[in-house]
Amino acid sequence: MILRTHYTGDVTPEIDGTEVTLAGFAHEIRNLGGIAFLVLRDRKGFAQITLVKKLVDKATFKKVAGISRESVVQVRGMVKAEAKAPGGFEILPTEVQVLNAAEVPLPMDPTEKVECELDTRLDSRFMDIRRPCVLAAFEIESAVLRVLRDYFYRQGITEVFTPKIVAAATEGGTDLFPISYFEREAFLNQSPQLYKQMLMGAGMDRVFEIGPIFRAEEHDTRRHLNEAISIDIEVSFADDKDVMDILEGAVVSAYQYVAENCSRQLAALNLDFQVPKAPFKRITYTEALELAKEGRNVPMQWGDDLDTETERFLGETIGEHYFLTDWPSSIKPYYTLPYEDRPEICRGFDLMHPRMELASGAQRVHDHAMLVERIRGKGLDPSGFEFYLKAFRYGMPPHAGWGLGLSRLIMTMLKLENIRDAVIFPRDRRRLVP
Ligand code: ATP
Ligand code: MG
């Protein structure tokens, strides 16, 4: 049996006289002697429970006055329109039950009056998420996942899951977490890249996966974590431009859906929310370097990866989402397809928010011989990739795809300072609990 008939947010002054049962946390208790107020909070808002000493029995009054903050309570009572109360109504209770009392003192104050350190908040994340402005981000994240799945289904893209325990690195290198796997060493996968490409060879044609990626990088920034959720797609018989269109559509749909369906959460975040306009600007890596010259004392060399300073300058200059295309082949991974007539440039792209990179994608190499050569060119040993290369020997369609960081999308969408604000239980170099 569900212990409530209504959420606070669904009660309005118009249902004056209706009996409701609410359940949630004791947000605030005020005993003024002849009258006491209990503010009940649930995930949709607040309700003021008003107890007039003369009208309720003594035991109930005493019980309410003694409830510790954040205890779990259930209240049955009558709705009464009351302009001065939050939401324009109050509840005159007939029954108040403490379902579970909270200990005193609390590990942090969840009433939003006092802003506390991120680390303190993360240490008591369950309490932190009771704050509407924190909860809002995760409810919006769920809404974004829902609309993105819908968007993919409408384009005939199949949802898949690929293994997170793997034998080899996607891109070689050392950014992998080794784990012990019976008598062998295995790794946590850094990207579903190789697997989604193999599924193109399997004739699945269009796949998407929403799942964790693991990066053993030691960075300590506001946009990197060691475990993140990536939204990945791969599409056969498509090129880089086709999947950029899909990506742009995905981002705009997500914003659009949030604008239309998440007004309560946006209000809790106190956000001026703008839906970005498609089409996004598309500038080449070479053009970006040219643009960035103005913002730098020492110009970047062609072939260097864009550093944070350049990214920031470009973001400030362009001021909205944009694509960076036509990267030097030397920077992008071996599976990125070089242009036939200019092999030093490739069909790789990044989707940028003015604050940071959101996604990377490319048209991929689908020719077996070229792929082997490219793997060697990156100083890697093709024999370690046999399970992957095999799928390229018996008919591999041309294909393209991308990976979009979910938390970065949410973080930039909601103007959150730190990626840790967009992840319920973040994992970084220093944090393994909770
Ligand atoms: P960056 O250059 O910003 O470190 P990347 O180029 O290494 O990112 P990709 O391998 O291109 O990342 O991964 C695709 C997307 O996944 C990124 O654009 C980003 O949104 C997200 N992502 C990658 N690594 C992380 C991470 N450590 N923490 C959070 N999100 C990540
Ligand atoms: Mg990238």
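None of the values given here were measured: they were computed from a predicted structure.

Comments concerning the overall build of the chain
Helix and strand counts for the chain stand at 12 helices and 16 strands. Counting only C-alpha atoms and orienting by the principal axes, one finds that the chain spans roughly 90 × 55 × 40 Å. When burial is assessed residue by residue, the chain has 50% of its 434 residues classed as buried. Sequence separation of 24 or more characterises 64% of the internal contacts of the chain that already satisfy a separation of 6 or more. About 21100 Å² of surface is accessible on the chain, with carbon and sulfur atoms providing 53% of the total. Averaging the coordinates of the 54 positive side-chain charges in the chain and doing the same for the 65 negative ones gives two points 6 Å apart.

A short note on the layout of surface pockets
Put simply, the second largest pocket is a space of about 490 Å³. In terms of lining residues, the second largest pocket is bounded by 30 residues, among which Arg-41, Asp-42, Arg-43, Lys-44 and Gly-45 are the most central. For the lining of the second largest pocket, the secondary structure elements donating two or more residues are strand 1 (19-31), strand 2 (35-42), strand 3 (45-52), strand 5 (89-100), helix 4 (132-154) and helix 7 (263-269). Residue composition of the lining of the second largest pocket, grouped by class: 15 nonpolar, six polar and nine charged. Among the domains, domain 1 (8-100) and domain 2 (128-422) are the pair contributing at least three residues each to the lining of the second largest pocket.

Some details on the sheet that holds strand 2
Spatially, five strands are ordered 1-2-3-5-4 in a closed barrel, and the strand pairing comes out mixed. Between one strand axis and the next, the sheet turns by 50° as a mean value, whatever way the strands run. Direction of pairing for strand 1 relative to strand 2: antiparallel, over a ladder of six bridges. Paired with Phe-25 across the bridge in strand 2 is Arg-41. Seen against the sheet, helix 1 (residues 58-65) touches strand 1, strand 2, strand 3 and strand 5 and runs at an angle of roughly 75° to strand 5.

Some remarks on unusual backbone geometry
Cis geometry marks the peptide bond from Val-104 to Pro-105; its omega dihedral reads -5°. By the element assignment, Pro-105 lies in the loop between strand 5 and helix 2 (118-123). Across the junction of Ala-278 and Pro-279, the peptide omega takes the value -5°, indicating a cis bond. Summarising the element assignment, Pro-279 is placed in the loop between helix 7 and strand 12 (281-284). Of note in the backbone geometry, Asp-326 takes a positive phi value of approximately 50° without being a glycine. Mapped onto the fold, Asp-326 is located in the loop between strand 13 (322-325) and strand 14 (348-353).

A few points about the domain arrangement of the chain
We note that the domain assignment places domain 1 (8-100) and domain 2 (128-422) within the chain. Taken residue by residue, the interface counts six residues in domain 1 and five residues in domain 2. A buried area of about 500 Å², summed over both sides, lies between domain 1 and domain 2, and 50% of it is on carbon and sulfur atoms. If you sort the residues of domain 1 by the area they bury against domain 2, Arg-41, Arg-43 and Lys-44 come out on top, with a joint share of 68%. Summed over the shared surface of domain 1 and domain 2, the number is two salt bridges. Counting every contact that joins domain 1 to domain 2 gives four residue pairs in polar contact (both at pLDDT 80 or more).

Some words on the coordination of the magnesium ion (ligand 2)
Coordination of the magnesium ion (ligand 2) by the protein comes from Glu-357 (OE) and Ser-360 (OG), over a distance range of 2.1 to 2.3 Å. The exposure class assigned to Glu-357 is partly exposed, which follows from its relative accessible area of 24%.

Some thoughts on the site of ligand 1
Not every one of the 14 residues close to ligand 1 is listed here, only the nearest: Arg-215, His-224, Leu-225, Glu-357 and Leu-358. Here His-224 contributes a side-chain N or O atom positioned 2.5 Å from an oxygen atom of ligand 1. Here an oxygen atom of ligand 1 and a backbone polar atom of Leu-358 are 2.8 Å apart. About the coverage of ligand 1: the protein hides 80% of its 590 Å² of free accessible area. For the shell around ligand 1, the secondary structure elements donating two or more residues are strand 15 (356-363) and strand 16 (399-405). The element that contributes the greatest number of residues to the shell around ligand 1 is strand 15, accounting for four residues. When its residues are assigned to classes, the shell around ligand 1 shows five nonpolar, four polar and five charged.

What to know about helix 12 (residues 406-413)
For helix 12, the tally of buried residues reaches eight of eight residues, placing the bulk of the element in the interior. In this fold, the buried residues of helix 12 make contact with helix 4, strand 11 (227-236), helix 6 (240-261), strand 14, strand 15 and strand 16. Two residues or fewer after helix 12 comes Lys-415, characterised by a positive phi angle close to 55°.

Quick look at the sheet that holds strand 9 (residues 184-188)
Pairing is antiparallel across the open sheet formed by three strands, whose spatial order is 7-9-8. Strand pairing shows two members of the sheet lacking a second neighbour, strand 7 (165-166) and strand 8 (177-181), which therefore form its edges.

Structural notes on the packing of helix 4 against helix 12
The description of two packed helices rests on the angle between their axes and on the distance between the axes. Contact geometry of helix 4 with helix 12 gives a least axis separation of 11 Å together with a crossing angle of 120°. As far as their axial angle goes, helix 12 and helix 4 are oblique. When you trace helix 4 past helix 12, the crossing you get is right-handed. Note on element contacts: helix 12 touches helix 4 through Leu-406, Leu-409, Ile-410 and Met-413, opposite Ala-137, Ile-140, Glu-141, Val-144, Leu-145 and Leu-148. Along the lines of polarity and charge, the residues of the contact of helix 4 with helix 12 split into nine nonpolar, no polar and one charged.

The rules behind each value
- Residues numbered from 1 in each chain as written.
- Chains lettered and ligands numbered in written order.
- Predicted model: local features only at pLDDT ≥ 70, side-chain atom pairs only at ≥ 80, totals over all residues.
- Heavy atoms only, no water.
- Helix = DSSP H or I, 4+ residues; strand = E, 2+ residues; numbered from the N terminus.
- Buried < 20%, exposed > 50% of the residue type's maximum accessible area, 1.4 Å probe, protein only.
- Contact = heavy atoms within 4.5 Å.
- Areas by Shrake-Rupley, 256 points an atom, 1.4 Å probe, with all protein chains shown as cover.
- Lys, Arg positive; Asp, Glu negative; His and termini not counted.
- Charge placed at Lys NZ, Arg CZ, Asp CG, Glu CD.
- 1 Å grid on protein atoms, 1.4 Å probe; cavity = no way out; pocket = protein on both sides within 12 Å on 5 of 7 lines; lining within 4 Å.
- Points joined across faces, edges and corners; volume = space filled by probe spheres on them.
- Nonpolar A, V, L, I, M, F, W, Y, C, P; charged D, E, K, R; others polar.
- Domains from an automatic or database assignment.
- Pairing = 2+ DSSP bridges.
- Axes fitted to C-alpha atoms, helices over the stretch in contact; angles between N-to-C directions.
- Buried area = accessible area lost by both parts, 1.4 Å probe.
- Salt bridge = Lys/Arg side-chain N within 4 Å of Asp/Glu carboxyl O.
- Polar contact = N/O pair within 3.5 Å; in protein donor to acceptor, adjacent residues only side chain to side chain.
- Donors = N, O, S within 2.8 Å, 3.2 Å for Na, K, Ca; no water.
- Near = heavy atom within 4 Å.
- Parallel < 35°, antiparallel > 145°, perpendicular 65-115°, else oblique.
- Left-handed = near helix turned anticlockwise from the far one by under 90°.

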